[in-house]
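Listed below are the residues making up each chain.
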Amino acid sequence: MAKRIDAFGQLEYWLLDNSILEIRTIGDKNKSKEVSLEEIVYGIEVQQRLAEEEQQKIILLAEMSSMSNLSKSAKAFLKSGEGRELNDITLANALLVTNAFSRMLGNMLVGIVKSDYPVRIFSNKSEAIKWLLAFRKK
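Every chain is numbered independently, its residues counted from 1 as its sequence is written. Totals for whole chains, interfaces and linings use every residue, but because this is a predicted model, local features are given only for residues with pLDDT of at least 70 and side-chain atom pairs only at 80 or more, for both listing and counting. Think of the side-chain values as coming from all heavy atoms in the structure, minus any hydrogens and water.

## What about unusual backbone geometry?
Backbone geometry at S19 places phi at a positive 65°, although glycine is not the residue there. Only DSSP runs of H or I with at least four residues qualify as helices, and only runs of E with at least two residues qualify as strands; both kinds are numbered from the N terminus onward. Summarising the element assignment, S19 is placed in the loop between β2 (11-15) and β3 (20-25). Residue exposure (1.4 Å probe, protein chains only): buried if accessible area is under 20% of the type maximum, exposed if over 50%, otherwise partly exposed. Taking the relative accessible area as the measure of exposure, S19 reaches 24% and is therefore partly exposed. Unlike most non-glycine residues, Q55 shows phi in positive territory, near 55°. Checked against the element boundaries, Q55 lands in the loop between α1 (37-54) and β5 (58-63). Q55 sits in the exposed class, given a relative accessible area of 68%.

Encoded structure:
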C-alpha cells in the first residue's frame, strides 16, 4: 500500500510498495501551476532523506498533470551544482504526463536537468512503473 511520507506546496510525496518515490500534485489537476524554487529544493531534500533511509539510490515517478512551468529561479537552481546533486541519489526518473502542458514541462525538465541517470516521459503509469522497476533488477 502506498504511504504518504511528506508534502509541501502543491506536491505530495508517496512511497509505493515497490520502493518507488511518487511525486503527486495536490489540488485541481485541471489548473496548471508553476513549480517554485522552494518546491524544487524541498523535493530534493525529501529525495535525499529517502535515499539515506533506504540505503540505495531512488527511483522516481513524477506525476506532472497540473504543472505547466518552472519558475526562473527553479530553472537556475536545477542547472546549478547544488541542483545537480540529484545525480548522486537517483537511479531513474519517469515523468508521467497527461496533457500538452505537462508534456511541455516534462520536455523542458529533460532539457534543463542534465542528468547522469535515465529520464523518460510516459503517458501510462503502469508502463512507467514497469520501466522504473527494471532498474532495480540490474
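Don't stop here, the text continues.
## Description of the side chain of T90
Inspection of the secondary structure puts T90 in strand β7 (residues 90-96). Relative accessible area serves as the criterion here: at 3%, T90 is assigned to the buried category. Throughout, a residue-residue contact means that at least one pair of heavy atoms, one from each residue, lies within 4.5 Å. When near neighbours in sequence (up to four residues on either side) are disregarded, T90 contacts Q47, K57, I58 and Y117.

## Observations regarding the sheet that holds β5
Pairing within the open sheet is mixed, and its six strands lie in the order β1-β2-β3-β5-β7-β8. On the outer flanks of this sheet lie β1 (3-8) and β8 (119-122), each paired with one strand and no other. Ignoring strand direction, the axes of neighbouring strands in this sheet form an average angle of 20°. With four bridges joining them, β3 and β5 adopt parallel strand pairing. Among the inter-strand pairings, I20 is bridged to a residue of β5, identified as I59. Throughout, an axis means a line fitted to C-alpha atoms (over the contacting stretch in the case of helices), and angles, computed between N-to-C directions, take values from 0 to 180 degrees. Running over the sheet, α1 touches β1, β2, β3, β5 and β7 and is turned about 150° from β1. Against the sheet, helix α5 (residues 125-136) makes contact with β3, β5, β7 and β8, and its axis sits at roughly 175° relative to β7, the strand it touches most. Strand pairing is assigned whenever DSSP detects at least two bridges linking the two strands.

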